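# A look at the structure
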Number of protein chains: 2
Amino acid sequence: MTAPTTTDRDAVREVVHDSARRARVASRTLAQLTTAQKDAALHAAADALLAAKDAVLAANAEDLEIAKAGGTADSLLDRLRLTAARVDGIASGLRQVAGLPDPVGDVVRGSTLPNGLEIRQVRVPLGVVGMVYEARPNVTVDAFGLALKSGNAALLRGSSSAARSNAALVGVLREALAAQGIPADAVQLLPSEDRSSVTHLIQARGLVDVVIPRGGAGLINAVVRDAQVPTIETGTGNCHVFVHRDADLDMAESILINAKTRRPSVCNTAETVLIDRAVAEVAVPRMIKALEDNGVTVHGDLPGLVPATDTDWADEYLSLDIALKVVDDLDAAVEHINEWGTGHTEAIVTADLKAAREFTSRVDAAAVMVNASTAFTDGEQFGFGAEIGISTQKLHARGPMGLPELTSTKWIVWGDGQIRPV
Amino acid sequence: MTAPTTTDRDAVREVVHDSARRARVASRTLAQLTTAQKDAALHAAADALLAAKDAVLAANAEDLEIAKAGGTADSLLDRLRLTAARVDGIASGLRQVAGLPDPVGDVVRGSTLPNGLEIRQVRVPLGVVGMVYEARPNVTVDAFGLALKSGNAALLRGSSSAARSNAALVGVLREALAAQGIPADAVQLLPSEDRSSVTHLIQARGLVDVVIPRGGAGLINAVVRDAQVPTIETGTGNCHVFVHRDADLDMAESILINAKTRRPSVCNTAETVLIDRAVAEVAVPRMIKALEDNGVTVHGDLPGLVPATDTDWADEYLSLDIALKVVDDLDAAVEHINEWGTGHTEAIVTADLKAAREFTSRVDAAAVMVNASTAFTDGEQFGFGAEIGISTQKLHARGPMGLPELTSTKWIVWGDGQIRPV
């Protein structure tokens, strides 16, 4: 691909801004829809996806062919691939979102002021939500469903490798909305030929209310760094399991193996195990053996391990690798985690109540687990029914984000002529 | 002032980053303080301010002298000026914050999952909070008090015109903290000689958790545009009062005059009055007369008014000026507001329930008033006890921000060995 010229960039900018303006208009209507109208539209969209399955699969086959010709790795091809069963799953996902409680209109708090004013803080949609994401075409439909249920217009910027699949999916969704009398501009696909559409999206202050990037650390860092609209940072997880001196070692082993090997490529996977020096003599060889028996390569500064550098403490492996470190005590474990962690999920295994309370209080992360696998940090597991991502920032949302995290609030004040004394 | 050289900027960057790192260390301790410890520190800081009144006033006199010599306008000098009574008021403000409920540790929600995991979402401090603000030295102490009570370390970047006053105040606060065994780095003043310290603060990703700008539109826009850390946009208020066809015109007049003239320079002041065409014949001359009788200049497209351009619909006057427009109906009023408003506070005066419900539902703003003055959008008025600013963005906080808005949350999960099925 050649670098785009200034004129190209200006044209892309105009396309993105025009989409955002149309999304803003649509969002005014979306904010006024009843729950029943939104749920009917979600079911209609699911029906339309099933009806259009052949066309969607054909578009996906084109994407796959181009990706294969370009030498794309099998693992990425699998992420890009749609099958009849996967389309069925995507449609079911929309029906599941239809079944979730509608957050819009929830009264968060309220009171009657001494002067008789009745004030209520009520959930309202964010407005226009941008999503930037990588290969999986299912994110296109998931993001649309969650945005619609929470009353938001969605501007979707998927990867160019899925351009045909995404266009087919969004086309189906837009037709289904229009047939329900809902503005089709509630969901729009942004151009993905070059990266400038991302830049224009994340700098469209006043046109876009929030942008949520989903993908690797590189994508997320670029979006957060260059954004001028508010963003929600998601998904980088350098998670630790700390085996405390009072841990049940059977439990520790079971949690460690689950946290590391269940799905090594996801963000709630354990990347470092910390072992309390007081039990190191027994626990270290035992954990190393269990890890190696499960195909995990152990990195660390002990003899027989792959030597570890700062990179091992800092980065996610996202593979069957783990770093192992012996720490002096709970203090040292907390310090190591607060220095190297990414604020995603941290776990302690211990039978000691005081240690558990101290760990949960002092570790600075979106989720802190006591005697449980890091793998539980997940919107479905937490009972949210669906998840738009896992926030690792502290503003607005932290941890798994469900429908309420796609809303803002508004203060509604009822009076009968009150004026404020000077 | 000459432009700083690269070396100067690097040096400022190092000063800001070093402060931020020390703030991070202090924030670990702050997060663990009990409510009683924080309240005792707030009272001790208030005592220390009263004890150091002479030194503070002397430093302020130096700032005032320099400002006067530089030709600063009287209104700005008044904002900069401290008096014995103002220092008393600032100290009382700290005691008031000590009396507010501590948001840290509040359980926001929680449940027991089917697998027995007990999950709780608990309020925790944000960590390191940056504040960028203009002349008033009282903001230095207010921001410190709110940050401390919510368990946050504060990095304060005031204006250079208040540099000596701020240094004196922060010096007193730091000594008072240290005497209570709390890290003095919980509050730090950043250099204000040139603007690069603002840039370094708002780009210190990973070191600073949130930056809140307080000041004019120029400052806020610059901070939000260039920030790489999350920010909260505050305070620009182009507020409207809509006189609906079913308004009690006595009530409308009283609300309009209060909303415009109570304090014209603040963000919740009315800047435009919209009048329903159905009652324009009576209401327009009446409102114009009432406004003019109260010293307000009326801009608009009617004969006898100062002619209005788009600027009149878009900008805050922050003075005894108002724009007036006749609109066809409620739809037109909502459209005008959603096009020109800044999402701060919008009011309707009406006796009609349907119109009131429609206005509150369709107007997109932090606060929507029915039959009440826009002047009520204020943390104290809403019963928060204190206010860090008024957010006009939709993420994290919208409207008046109190102590809970200075917190994040953390999920704490208790288990007894749960692992997640594959």
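Residues numbered from 1 in each chain as written. Chains lettered and ligands numbered in written order. Predicted model: local features only at pLDDT ≥ 70, side-chain atom pairs only at ≥ 80, totals over all residues. Heavy atoms only, no water.

## Digging into the overall build of chain A
This is how the line gets drawn: Helix numbering and strand numbering both begin at the N terminus, where a helix is a DSSP run of H or I of at least 4 residues and a strand a DSSP run of E of at least 2. Put simply, the radius of gyration uses C-alpha atoms, and a globule should come to 2.2 Å times the residue count raised to 0.38. Only protein chains enter the area calculation, which uses a 1.4 Å probe; residues under 20% of their type maximum are buried, those over 50% are exposed, and those in between are partly exposed. Should any heavy atoms of two residues lie within 4.5 Å, those residues are considered in contact. The Shrake-Rupley method, run with a 1.4 Å probe, gives the accessible areas here. Residue values count only the displayed protein chains as cover.
From N to C terminus, chain A includes 14 helices and 16 strands. The C-alpha radius of gyration computed for chain A amounts to 24 Å, which stays within 12% of the reference 22 Å derived for 422 residues, consistent with globular compactness. Here the C-alpha coordinates of chain A stretch approximately 70 × 70 × 40 Å along the principal axes. For chain A, the residues scored as buried account for 57% of the 422 residues in total. The long-range fraction of contacts in chain A, counting pairs at least 24 apart against all pairs at least 6 apart in sequence, stands at 73%. Accessible area for chain A stands at about 16,000 Å²; split by element, carbon and sulfur atoms hold 51% of it.

## Quick look at the pattern of salt bridges
Note the threshold: Throughout this description, the term salt bridge denotes a Lys or Arg side-chain nitrogen within 4 Å of a carboxyl oxygen of Asp or Glu.
Tallied over the full model, the rule gives 60 salt bridges over all chains. Among the salt bridges present, the one from Asp88(A) reaches Lys53(A), with a minimum N-O distance of 2.7 Å. One end of the pair, Asp88(A), is in helix α5 (residues 84-98); the other, Lys53(A), is in helix α3 (residues 53-69), and 35 residues separate them in sequence. With a relative accessible area of 18%, Lys53(A) lands in the buried category. Residue Arg277(A) pairs with Asp328(A) through a salt bridge whose shortest N-O separation is 2.8 Å. You can see Arg277(A) sitting in the loop between β8 (270-276) and α11 (280-293) and its partner Asp328(A) sitting in the loop between β11 (321-327) and α13 (330-340), a full 51 residues away along the chain. Looking at Asp328(A), the relative accessible area reads 47%, which means it is partly exposed. Ionic contacts of the salt-bridge type, sharing partners, join the residues Arg24(A), Arg28(A), Asp209(A), Asp364(B), Lys394(B) and Arg398(B) into one network.

## As for the pairing of strand β4 (residues 153-157) of chain B
Residue and element names in this part refer to chain B. We count it as follows: Any two strands with at least two DSSP bridges between them are considered paired. With strands facing away from the observer, any crossover in which the path from the first strand over the helix to the second runs clockwise is taken as right-handed.
Within β4, 5 of the 5 residues are buried, leaving the element largely enclosed by the surrounding structure. Side chains Ala 153, Leu 155 and Arg 157 of β4 all project onto a buried face; the interleaved residues Ala 154 and Leu 156 project onto the opposite face, where all are buried too. Across 5 bridges, the pairing between strand β3 (residues 128-133) and β4 is parallel. Counterpart to Val 132 in the pairing with β4 is Arg 157. Taken together, β3, helix α6 (residues 138-149) and β4 constitute a β-α-β crossover, and its handedness is right-handed. You can see the chain leave β4, run along helix α7 (residues 163-179) and come back into strand β5 (residues 187-189), and the turn it takes is right-handed.

## Some thoughts on the nonpolar core
Our working definition: Buried Ala, Val, Leu, Ile, Met, Phe, Trp, Tyr and Cys residues that are joined via side-chain atoms within 4.5 Å together make up what is termed a nonpolar core.
Formed by 72 residues in total, the largest nonpolar core has its most connected members in Leu94(A), Phe144(A), Val208(A) and Ile212(A). Setting aside chain neighbours within four positions, we find Val208(A) in contact with Ala20(A), Arg24(A), Val128(A), Gly130(A), Leu155(A), Leu201(A) and Val229(A). The next biggest cluster of nonpolar side chains, apart from the first, holds 71 residues, and it includes Leu100(B), Leu126(B), Tyr133(B) and Val139(B).

## Focus on the packing of aromatic side chains
The following threshold applies: Planes of paired rings set the category: under 30 degrees apart is stacked, over 60 is edge-to-face and the rest tilted, where pairs are Phe, Tyr or Trp rings (Trp by its six-membered ring) whose centres lie within 6.5 Å. Lysine and arginine charges are scored as sitting over a ring when NZ or CZ, respectively, is within 6 Å of the ring centre and within 35 degrees of the ring normal.
All told, the structure shown has 8 aromatic pairs over all chains when counted by the stated rule. Ring plane angle 25 degrees and centroid distance 6.2 Å describe the contact between Phe242(B) and Phe359(B), whose orientation is recorded as stacked. Taken together, the residues span a long stretch of sequence, with Phe242(B) in strand β7 (residues 239-243) and Phe359(B) in helix α14 (residues 353-362) at a distance of 117 residues. The same class applies to Phe242(B) and to Phe359(B), which are both buried. Taken together through their ring pairs, the aromatic side chains of Phe382(A), Phe384(A) and Trp411(B) make up a single cluster. Lys325(A) extends its terminal NZ or CZ atom over the ring of Trp313(A), reaching a point 4.9 Å from the ring centre.

## Examining the sheet that holds strand β12 (residues 345-349) of chain B
As a reminder of what qualifies: Working convention: axes come from line fits to C-alpha atoms, limited for helices to the stretch in contact. Angles between N-to-C directions cover 0 to 180 degrees.
A sheet is described by the order of its strands in space; here 10 strands give the open sequence β1(A)-β2(A)-β16(A)-β13(B)-β12(B)-β7(B)-β8(B)-β11(B)-β9(B)-β10(B), paired in mixed fashion. Of all the strands in the sheet, the pair left with one neighbour each is β1 (107-112) of chain A together with β10 (306-307) of chain B. Here strand β16 (residues 407-418) of chain A runs beside strand β13 (residues 367-372) of chain B; their pairing, made up of 5 bridges, is parallel. Bridging from a neighbouring strand, Trp414(A) pairs with Val370(B) of β13(B). Contacts between helix α13 (residues 330-340) of chain B and the sheet are confined to β7, β8 (270-276), β11 (321-327) and β12 of chain B, with β7(B) contributing the most and set at about 175 degrees to the helix.

## Here's the deal with the pairing of β11(A)
Residue and element names in this part refer to chain A. The element β11 is largely enclosed, with a buried count of 6 among its 7 residues. Of the strand pairs in this sheet, β8 and β11 are connected by 5 bridges, and their pairing is parallel. Pairing of Thr 272 across the sheet is with Ala 323, part of β11. Bridge analysis of strand β9 (residues 297-300) against β11 gives 4 bridges, and the strand direction is parallel. Within β11, the position partnered with Val 298 by the bridge is Ile 322.

## Some details on the interface of chain A and chain B
Definition in use: For any pair of parts, buried area is found by adding up, for both, the accessible area (1.4 Å probe) each one loses once the two are put together. A 3.5 Å cut-off defines polar contacts: any pair of N or O atoms within that distance qualifies, except that in protein one atom must be a possible hydrogen donor and the other a possible acceptor, and neighbouring residues in sequence count only when both atoms are side-chain atoms. Three residue categories are used. Nonpolar comprises Ala, Val, Leu, Ile, Met, Phe, Trp, Tyr, Cys and Pro, charged comprises Asp, Glu, Lys and Arg, and polar comprises the others, including Gly.
At the junction of the two partners, chain A supplies 76 residues and chain B supplies 76 residues. In this assembly, chain A packs against chain B so that about 6,400 Å² is buried in total across both faces, 52% of it on carbon and sulfur atoms. Scanning the region where chain A abuts chain B turns up 10 salt bridges. In this assembly, chain A and chain B are joined by 44 residue pairs in polar contact (both at pLDDT 80 or more). Residue assignment for the side of chain A that touches chain B shows that the elements contributing at least two residues are α1 (6-30), β2 (118-125), α9 (217-226), α10 (249-261), α14 (353-362), β13 (367-372), β15 (399-401) and β16 of chain A. The element best represented in the side of chain A that touches chain B is β16(A), accounting for 11 residues. Residues belonging to the side of chain A that touches chain B are distributed by class as follows: 35 nonpolar, 23 polar and 18 charged.

## Concerning the relation of the copies chain A and chain B
Relating one copy of the chain to the other requires a rotation about an axis plus a shift along that axis. The cut-off we apply is this: The copies were overlaid with a least-squares fit restricted to C-alpha atoms from residues scoring a pLDDT of at least 70 in each copy.
Note on the copies: chain A fits chain B at an RMSD of 0.0 Å, the axial shift is 0.0 Å, and the rotation between them is 180 degrees. Taken together, these values place the two copies in the relation of a two-fold axis. Judged by C-alpha distance, His396(A) is the residue of chain A that lies nearest the rotation axis, at 1.8 Å.

## A closer look at unusual backbone geometry
All names here are of chain B. Residues other than glycine seldom take positive phi values, yet Leu 318 does so here, at roughly 55 degrees. In this fold, Leu 318 is placed in the loop between α12 (310-314) and β11. A relative accessible area of 36% places Leu 318 in the partly exposed class. The backbone of His 396 shows a phi angle near 75 degrees, a positive value even though the residue is not glycine. Within the element layout of this structure, His 396 appears in the loop between β14 (389-391) and β15 (399-401).

## Re the packing of helix α2 (residues 35-51) of chain A against α5(A)
All names here are of chain A. The line we're drawing: If an angle is under 35 degrees, it is roughly parallel; if it is over 145, roughly antiparallel; if it lies from 65 to 115, roughly perpendicular; otherwise it is oblique.
Two numbers describe how α2 lies on α5: the axes approach to 8 Å, and their chain directions differ by 175 degrees. Here α5 runs roughly antiparallel to α2, going by the angle between their axes. Residue-level inspection shows Asp 39, Leu 42, His 43, Ala 45, Ala 46, Asp 47, Leu 49 and Leu 50 of α2 in contact with α5, the latter providing Val 87, Asp 88, Ile 90, Ala 91, Leu 94, Arg 95, Val 97 and Ala 98. Within the contact of α2 with α5, the residues separate by chemical class into 11 nonpolar, 1 polar and 4 charged.

## Description of the environment of Ala259(B)
All names here are of chain B. Secondary-structure assignment places Ala 259 in helix α10 (residues 249-261). With relative accessibility at 2%, the residue Ala 259 sits in the buried group. Considered as a pair, Ala 259 and Cys 239 are 20 residues apart in the sequence and their alpha carbons are 9.0 Å apart. Filtering out sequence-adjacent residues up to four positions away, Ala 259 remains in contact with Val 241, Asn 268, Thr 269, Ala 270, Ser 373 and Thr 374.

## Here we look at the UniProt feature "domain: Aldehyde dehydrogenase" (unreviewed entry) in chain A
All names here are of chain A. Test applied: UniProt positions are given in the numbering used here, feature names are shortened, and annotations may be inferred rather than shown by experiment.
When the UniProt feature table is mapped to this numbering, "domain: Aldehyde dehydrogenase" (unreviewed entry) covers residues 10-293 and 325-411. Regarding residues 10-293, the helix share stands at 53% and the strand share at 16%, and the terminal C-alpha atoms are separated by 56 Å. The span residues 325-411 carries 24% helix and 29% strand; its end-to-end C-alpha distance comes to 50 Å.

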